[in-house]
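What follows is each chain in one-letter form.
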Amino acid sequence: LVEAAETRPWLHALGARVGADKAAIAALPSVTIHPGLAGLHVIETFATGSPMVTADIDYHSHEVSYLDSSNSVMLPADASADDFAAAVERLMTDPEELARLQAGCAEAAEVFTLQAMVGNFADGIADALTVYRQG
């Protein structure tokens, strides 16, 4: 990526970012392209209103189940780079579709909150302990 950025003025290889720096950068794109393993990055795209374009691969983390046609574009597992480019181009040239997905991200951000995830985790532990005690 660093090498490719040397010959492409529109490509910036920024490396890892954290905290406010990460938040500022994450809020920049209109669309997030994520061809590989998607996990908590799904939640970040909701928070930033940047619909994810990804592929339906077997090794995503469970957060990928939060994606649907109201907040993202899910391509087939065998999607090519050209397929990703076409999906992004479609969104960037169809402002109504992009706005619909961005609104879906905002709605998902209201559902998939840190508080909700912590509560679900605690409930899961409590349920597991109940089952364990019942033997």
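Residues numbered from 1 in each chain as written. Predicted model: local features only at pLDDT ≥ 70, side-chain atom pairs only at ≥ 80, totals over all residues. Heavy atoms only, no water.

Take the packing of helix α3 (residues 41–48) against helix α5 (residues 95–111) next. Packing of α3 against α5 brings their axes to within 7 Å, and their N-to-C directions diverge by 115°. The interaxial crossing formed by α3 with α5 has left-handed handedness. Contact with α3, carried on its side by Thr45, Phe46 and Ala47, involves Cys105, Ala106, Ala108 and Ala109 of α5 and no other residues of that element. In terms of residue class, the contact of α3 with α5 is built from 6 nonpolar, 1 polar and no charged. (Axes fitted to C-alpha atoms, helices over the stretch in contact; angles between N-to-C directions. Helix = DSSP H or I, 4+ residues; strand = E, 2+ residues; numbered from the N terminus. Left-handed = near helix turned anticlockwise from the far one by under 90°. Contact = heavy atoms within 4.5 Å. Nonpolar A, V, L, I, M, F, W, Y, C, P; charged D, E, K, R; others polar.)

This part is about the confidence of the model for the protein chain. For the protein chain, per-residue confidence averages 93 on the pLDDT scale, and residues scoring 70 or more make up 100% of the total. Mean pLDDT values over the elements of the protein chain span from 88, in helix α2 (residues 19–26), up to 98, in strand β3 (residues 72–75). (pLDDT = per-residue confidence, 0-100.)

The full count for this structure, using the stated rule, is 2 aromatic pairs. Ring geometry for Tyr66 against Phe112: centres 4.0 Å apart, planes inclined by 15°, an arrangement best described as stacked. With Tyr66 in the loop between β2 (52–55) and β3 and Phe112 in the loop between α5 and α6 (114–134), the pair connects residues that are 46 residues apart, well separated along the chain. On the basis of relative accessible area, Tyr66 is assigned to the buried category, the value being 17%. Ring pairs connect the aromatic residues Phe46, Tyr66 and Phe112, which therefore count as one cluster. (Phe/Tyr/Trp six-rings, centres within 6.5 Å; stacked < 30°, edge-to-face > 60°. Buried < 20%, exposed > 50% of the residue type's maximum accessible area, 1.4 Å probe, protein only.)

Moving on, we come to the sheet that holds β3. Ordered in space as β1-β2-β3, the 3 strands form an open sheet in which the pairing is parallel. On the outer flanks of this sheet lie β1 (32–34) and β3, each paired with one strand and no other. Neighbouring strand axes in the sheet, compared pairwise and without regard to direction, differ in orientation by 15° on average. Pairing of β1 with β2, which is carried by 3 bridges, proceeds in the parallel orientation. Across the sheet, the residue bridging to Ile33 is Val53, located in β2. (Pairing = 2+ DSSP bridges.)

Moving on, we get to the nonpolar core. Of all hydrophobic cores here, the largest spans 13 residues; its most connected members are Val31, Val53, Val73, Leu75, Phe84, Ala87 and Leu91. Within the residue set of this core, elements represented by two or more residues are β2, β3, α4 (81–92) and α5. With 4 residues, the single largest contributor to this core is α4. For Phe84, the residues in contact, after removing those within four places along its chain, are Ile33, His34, Pro35, Val53, Thr54, Ala55, Leu75 and Ala79. Phe46, Val64, Cys105 and Ala108 belong to the second largest nonpolar core, which has 10 residues in total. (Core = buried A, V, L, I, M, F, W, Y, C linked by side-chain atoms within 4.5 Å.)

Moving on to a nonpolar patch on the surface. Among the surface-exposed residues, Phe121, Ile125 and Leu129 lie close enough to one another that they form a single nonpolar patch of about 300 Å² accessible area. When you line up the elements, Leu129 lands in helix α6. The class of Leu129 is partly exposed, set by a relative accessible area of 38%. (Patch = residues over 30% accessible without salt bridge, like charges linked within 9 Å, V, L, I, M, F, W, Y side chains within 5 Å. Areas by Shrake-Rupley, 256 points an atom, 1.4 Å probe, with all protein chains shown as cover. Salt bridge = Lys/Arg side-chain N within 4 Å of Asp/Glu carboxyl O.)

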